[in-house]
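# Fold and contact review
Here's the letter readout for the chains.
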Amino acid sequence: MHIRKQRLLTPGPTPLYPGALQAMMASDIHHRTEDFRRVYQAALRDLKEVLGTSHDVLVFCSSGTGAMEAAVSNLFSRGEKVICCSAGKFGERWVEIARAFGLETVVLEAEYGRAVSVERVAEALAAHPDARGVFVQASETSTGVAHDVRGMGEVVARTEAIFVVDAITGIGTMPLDIDGWGLDVVVGGSQKAFMIPPGLSFITLSPKAWQRAETANLPHYYFDLKKEKKNAEKGESSWTPSTALLLALGAALNYIKQIGMDKLIENAQLLARATREAVRELGLELFAQDTPAASVTAVKAPAGWDSGLIVKEFRNRFGAIIANGQGVMRGKIFRIAHLGYFDFADIFAIIAGLEIILNAHGFPVRYGTGVAAAQKVYAEAAFAREAALA
Ligand SMILES: *Cc1c(COP(=O)(O)O)cnc(C)c1O
């Protein structure tokens, strides 16, 4: 038995930023103290800065779905109609949450691997002028497809509806002009591009969204946006927060500010391109039929293969955890993540490992073919930058 380092290569949880892990060790701190208020306030301020928004940003101690639920339960009233763009498992989650709270859903479904177009959203808004909200994923993590939230934001802004964007894997992987594009509500999660463990969710709210909170009558208790905002202004969270995760968040946000949000996004986009070029060069097919997301690349398993074999082989041979497909996509695709704390060396290793696994099971590829494609993307980007600086 040789050394096999455990590597998290899934699109959430993602690899952890070491500085954030170290910061968590200082969590023997009480949350109703000046020391903690400073940590909390700095985190809220830095979140706002890296998200580039003037809107309020609030934090919940839940996984991302908690903030998704908060958007529904705080901003809508019994029986209201909403439009849900559903292009995968997370789009289906919007539909499920909305229905759980008794909302009437108009579902714009896209086949797995495709995106819902801006035109369909515009048509649905025209056909349903009483729609009070439009829900979408910026990046649909289950299929590796991105939505045109800028285009959608423009059409939603002309209506009474609010635009609610699950950007849980969109943040840090694609540009999001929250204020400029009319993204009324944006939801994020800690275990994605924020490079820290699961357990925190983020939500931003525009003035148009806040107006809704004044009249909305759906029941909620733990996830109370108005209460959370009032407490946040005092530097506190409504309930006992995860002090460990907030310390981690503070460290991760410092790191993100240091490298710059635009560079974090560019990093994900470059790694995504390198991954796509590599798998194509190996003769594999991408699952995305529309704009591929930069958060995760979904790849079809070779014909006749169960993608679970690739997942299992990554774990057994290289200690690496990659993602299978979700739901009916399970066994058909595997997903390579590149959001947050991933670098080119990770991608080179993943592709090299993939070449070995393909060869081991009767899908012959020439060693180095995929790696070379990824190296080429690195070389073009890095050498161009170095030449520009010289
Ligand atoms: C990870 C993820 C979520 C949130 O899932 P949780 O398990 O609640 O954190 C929601 N939407 C998308 C697109 C995601 O990638």
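Preceding this section is the structure that the text describes.
Read on for an overview of the structure. Please read these numbers as outputs of a predicted model, since none were measured by experiment. (Residues numbered from 1 in each chain as written. Predicted model: local features only at pLDDT ≥ 70, side-chain atom pairs only at ≥ 80, totals over all residues. Heavy atoms only, no water.)

## Here's the deal with the overall build of the chain
For the chain, the count of helices and strands is 13 helices and 14 strands. Here the chain has a C-alpha radius of gyration of 21 Å; the compact-globule value for 390 residues is 21 Å, and the two agree. Every one of the 390 residues in the chain was classed for burial, and the buried ones make up 57%. Counted over contacts in the chain with a minimum sequence separation of 6, partners at least 24 positions apart contribute 72%. (Helix = DSSP H or I, 4+ residues; strand = E, 2+ residues; numbered from the N terminus. Rg over C-alpha atoms; globule rule 2.2 N^0.38 Å. Buried < 20%, exposed > 50% of the residue type's maximum accessible area, 1.4 Å probe, protein only. Contact = heavy atoms within 4.5 Å.)

## As for unusual backbone geometry
In most cases, non-glycine residues show a negative phi, while peptide bonds are predominantly trans. Cis rather than trans, the peptide bond between G12 and P13 has omega equal to -5°. At M195, a residue that is not glycine, the phi angle is positive and equals roughly 65°. A residue is classified by how much of its surface remains accessible, and M195, at 1% relative accessible area, is buried.

## A look at the environment of L286
Along the chain, the position of L286 falls in the loop between helix 10 (261-281) and strand 11 (296-300). Each C-alpha atom of the pair L286 and Y255 lies 32 Å from the other, and the pair is 31 residues apart in sequence. Aside from chain neighbours lying at most four places away, what touches L286 is R276, V279, R280, T297, A298 and K300.

## Things to note about the pairing of strand 4 (residues 104-109)
Pairing geometry for strand 3 (residues 81-86) and strand 4, over 6 bridges, is parallel. Its bridge partner lying in strand 4, V82 is registered against T105. Handedness of the crossover joining strand 3 and strand 4 through helix 4 (residues 89-100) is recorded here as right-handed. (Pairing = 2+ DSSP bridges. Right-handed = clockwise from strand over helix to strand, strands pointing away.)

## Notes on the site of the ligand
Near the ligand there are 14 residues, and of these S63, T65, T141, D166 and K192 occur at the shortest range. A distance of 2.5 Å is found between an oxygen atom of the ligand and a side-chain nitrogen or oxygen belonging to S63. Taking T141, its side chain carries an N or O atom lying 2.5 Å from an oxygen atom of the ligand. Protein contact buries 88% of the 380 Å² of open area that the ligand shows by itself. Of all the secondary structure elements, the ones that give two or more residues to the shell around the ligand are helix 3 (64-75) and helix 4. Grouping the constituent residues of the shell around the ligand by class yields 3 nonpolar, 8 polar and 3 charged. (Near = heavy atom within 4 Å. Polar contact = N/O pair within 3.5 Å; in protein donor to acceptor, adjacent residues only side chain to side chain. Areas by Shrake-Rupley, 256 points an atom, 1.4 Å probe, with all protein chains shown as cover. Nonpolar A, V, L, I, M, F, W, Y, C, P; charged D, E, K, R; others polar.)

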